[in-house]
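# Breakdown of the fold
For reference, the chains in residue letters:
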Amino acid sequence: MVRVTTPGIRLLPNAITVLALCAGLSSVQFALTGNYPMAIASIGIAAVLDSLDGRIARLLDATSKMGAELDSLSDGISFGVAPALVLYVWQAHDDRIGWVASLIFAVCMILRLARFNTLLDETDKPAYASEFFVGVPAPAGGLVAMLPLILSLQWGEGWWSEQYVVLIWTIAVAALLISRIPTLSLKTIKVPAKAIAPLLVGVGLLAAAIIQFPLVALAAALVLYLLHIPYAVYRNRWLAAHPEAWAVPPRERRAIRRARSQRRLRLQPASRRVAGAAMRAVRRPLSAGDLVRTRTLRERDHSNTPPPSSGPGQRRRSWRRIGIRRR
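Conventions adopted
- Residues numbered from 1 in each chain as written.
- Predicted model: local features only at pLDDT ≥ 70, side-chain atom pairs only at ≥ 80, totals over all residues.
- Heavy atoms only, no water.
- UniProt positions renumbered as here; feature names shortened; annotations may be inferred.
- Helix = DSSP H or I, 4+ residues; strand = E, 2+ residues; numbered from the N terminus.
- Contact = heavy atoms within 4.5 Å.
- Areas by Shrake-Rupley, 256 points an atom, 1.4 Å probe, with all protein chains shown as cover.
- pLDDT = per-residue confidence, 0-100.
- Patch = residues over 30% accessible without salt bridge, like charges linked within 9 Å, V, L, I, M, F, W, Y side chains within 5 Å.
- Salt bridge = Lys/Arg side-chain N within 4 Å of Asp/Glu carboxyl O.
- 1 Å grid on protein atoms, 1.4 Å probe; cavity = no way out; pocket = protein on both sides within 12 Å on 5 of 7 lines; lining within 4 Å.
- Points joined across faces, edges and corners; volume = space filled by probe spheres on them.
- Phe/Tyr/Trp six-rings, centres within 6.5 Å; stacked < 30°, edge-to-face > 60°.
- Buried < 20%, exposed > 50% of the residue type's maximum accessible area, 1.4 Å probe, protein only.
- Axes fitted to C-alpha atoms, helices over the stretch in contact; angles between N-to-C directions.
- Parallel < 35°, antiparallel > 145°, perpendicular 65-115°, else oblique.
- Left-handed = near helix turned anticlockwise from the far one by under 90°.
- Core = buried A, V, L, I, M, F, W, Y, C linked by side-chain atoms within 4.5 Å.
- Expected span 1.5 Å × (residues − 1).

An unreviewed UniProt entry annotates the chain as CDP-diacylglycerol--serine O-phosphatidyltransferase originating from Amycolatopsis sulphurea. Under the Catalytic activity (unreviewed entry) heading, UniProt states for the chain: "a CDP-1,2-diacyl-sn-glycerol + L-serine = a 1,2-diacyl-sn-glycero-3-phospho-L-serine + CMP + H(+)". The UniProt entry for the chain carries this comment under Subcellular location (unreviewed entry): "Endomembrane system".

Right, here's the structure in full:
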């Protein structure tokens, strides 16, 4: 059956992208009038709309070349140009160095989006690459750049609102945008069925925190996002060294990680019965001594003979000597 996509359905994702563009540009207007909380909220709304337009387009089978190009242009303005201008109006004013920092941030955002579009055409990427972004994505970068302004609005002026700190922070976030540092993609995160109920409760608590303490919740979310980057780097390197473990369930992936750490520490695994890919991780060639002991145990099991007891000429084990207390 051929699915026909009507022009109205195809227009919906592009309309959401245009709304995101309008929200991002409106942040500049709010900054010019001194309404910085609404400037931050506008960029946050643009980020939410940006996360919806692609999902809706794929859900309705309304993806198009024009929509992809429009989405990139909207992201460049909403998360590159708009945050740079908001920070310049708030802190730099007529300072030339501040304008240079704003230009650097906007240019790095455009370069990050251009590289993202070129990476979409690569077909030789490993399977686990879909779990990561290359560098900090555009919506997160635009919001992270606003972190000094968020802290100033919530807790007043401090070292985080100094002009040189804001300039250094802006350039540092711009460097994260064009870096090769992997960051986790929320699109590929899967939650087990038994964790759905606690997760929904957490979502409700997060919504309550955003309603009651919006700036504090946003600042905490941005700090947690920055703290996850070292874990994302470690996870990317581990999957690059063990690409066969990406498709297995999380329980077996943890078993592989434990088995690798035990072999690295020259420890004997607690159990040989590990399913799937973990069996390949803990499997090791048996030595001649292991083969002799295995053959002896099998012969003893088939003959049902008790193990030889310690005779007078054999040295008896001492429970105290081997460190085990007899019960």
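That covers the picture; the talk isn't over yet.
Secondary structure summary: the chain contains 13 helices and 2 strands in total. Put simply, 73% of the contacts in the chain that link residues at least 6 apart link residues at least 24 apart. Carbon and sulfur atoms form 65% of the exposed surface of the chain, whose accessible area is close to 21,500 Å².

Sequence positions flagged by UniProt for "transmembrane region" (unreviewed entry) are, in local numbering, residues 12–30, 73–91, 97–114, 126–151, 163–183 and 195–227. Structurally, residues 163–183 comprises 76% helix and 10% strand, and the distance from its first C-alpha atom to its last is 28 Å. Helix makes up 94% of residues 195–227 and strand 0%, whereas the separation of the span's terminal C-alpha atoms amounts to 23 Å.

Moving on, we get to the confidence of the model for the chain. The share of residues in the chain with pLDDT of 70 or more is 69%, and the mean pLDDT across the chain is 77. Note that pLDDT drops below 50 for residues 268–284; the model gives that stretch 24 contacts with residues more than four away or on any other chain. In this model residues 317–327 is a low-confidence stretch, pLDDT under 50, and it forms 4 contacts with partners more than four residues away in sequence or in other chains.

So, about a nonpolar patch on the surface. A grouping of Val100, Ile104 and Ile171 is seen on the molecular surface, where their side chains present a nonpolar patch of about 220 Å² in accessible area. Summarising the element assignment, Val100 is placed in helix H4 (residues 96–119).

For the structure on display, the rule yields 1 cavity of 30 Å³ or more. Estimated volume of the largest cavity: approximately 70 Å³. Lining the largest cavity we find 11 residues, and of these Leu87, Ser102, Val166, Leu167 and Thr170 sit closest to its centre. Top element by residues in the lining of the largest cavity is helix H3 (residues 65–92). It accounts for 5 residues.

A word on the packing of aromatic side chains. Within the structure shown, the criterion is met by 2 aromatic pairs. Look at Tyr88 and Trp99: their rings are 5.1 Å apart centre to centre, the planes differ by 70°, and that puts the pair in the edge-to-face class. Here Tyr88 is found in helix H3, whereas its partner Trp99 is found in helix H4, with 11 residues between them in sequence. The exposure class assigned to Trp99 is partly exposed, which follows from its relative accessible area of 36%.

What follows is about the pattern of salt bridges. Here the structure, examined in full by the defined rule, presents 1 salt bridge. In this structure, Lys65 and Glu69 form a salt bridge, with 3.8 Å as the shortest nitrogen-oxygen distance. Here Lys65 pairs with Glu69, and both are found in helix H3, just 4 residues apart, close to one helical turn. For Lys65, a relative accessible area of 64% translates into the label exposed.

Interhelical geometry of helix H2 (residues 36–59) versus helix H6 (residues 147–155) gives an angle of 140° and a closest axis separation of 11 Å. The angle between H2 and H6 places the two elements in the oblique class. In the crossing of H2 with H6, the sense of the turn from one axis to the other is left-handed. Mapping the contact onto sequence places Tyr36, Pro37 and Ile40 in H2 and Leu149, Ile150 and Leu153 in H6.

Below, the discussion takes up the environment of Leu85. Its location among the elements puts Leu85 in helix H3. What makes Leu85 partly exposed here is its relative accessible area of 26%. It is 9.8 Å that separates the C-alpha atoms of Leu85 and Leu25, two residues lying 60 residues apart in sequence. Residues contacting Leu85, with those up to four places away along its chain left out, are Val28 and Trp99.

Attention now goes to the nonpolar core. If you look at the biggest cluster of nonpolar residues, it comprises 38 residues, and the most contacted ones within it are Phe79, Phe105, Met109, Met146, Leu149 and Ile150. Counting only elements with at least two residues in this core, the list comes to helix H1 (7–32), H2, H3, H4, helix H5 (138–145), H6, helix H7 (163–178) and helix H9 (214–227). Ranked by the residues each element gives to this core, the list is headed by H2, at 6 residues. In contact with Leu149, other than residues within four places in its own chain, are Tyr36, Ile40, Val86 and Trp90. Formed by 5 residues, the second largest nonpolar core is a distinct cluster that contains Phe132, Leu184, Ala232 and Trp238.

So, on to H9. Compared with the 20 Å implied by 1.5 Å per residue over 14 residues, the 20 Å span of H9 between its first and last C-alpha is a close match. Those residues of H9 that sit buried are Leu215, Ala217, Ala219, Leu222 and Tyr225. Considering only its buried residues, H9 is in contact with H5, H6, strand S2 (182–184), helix H8 (196–212) and helix H10 (229–241).

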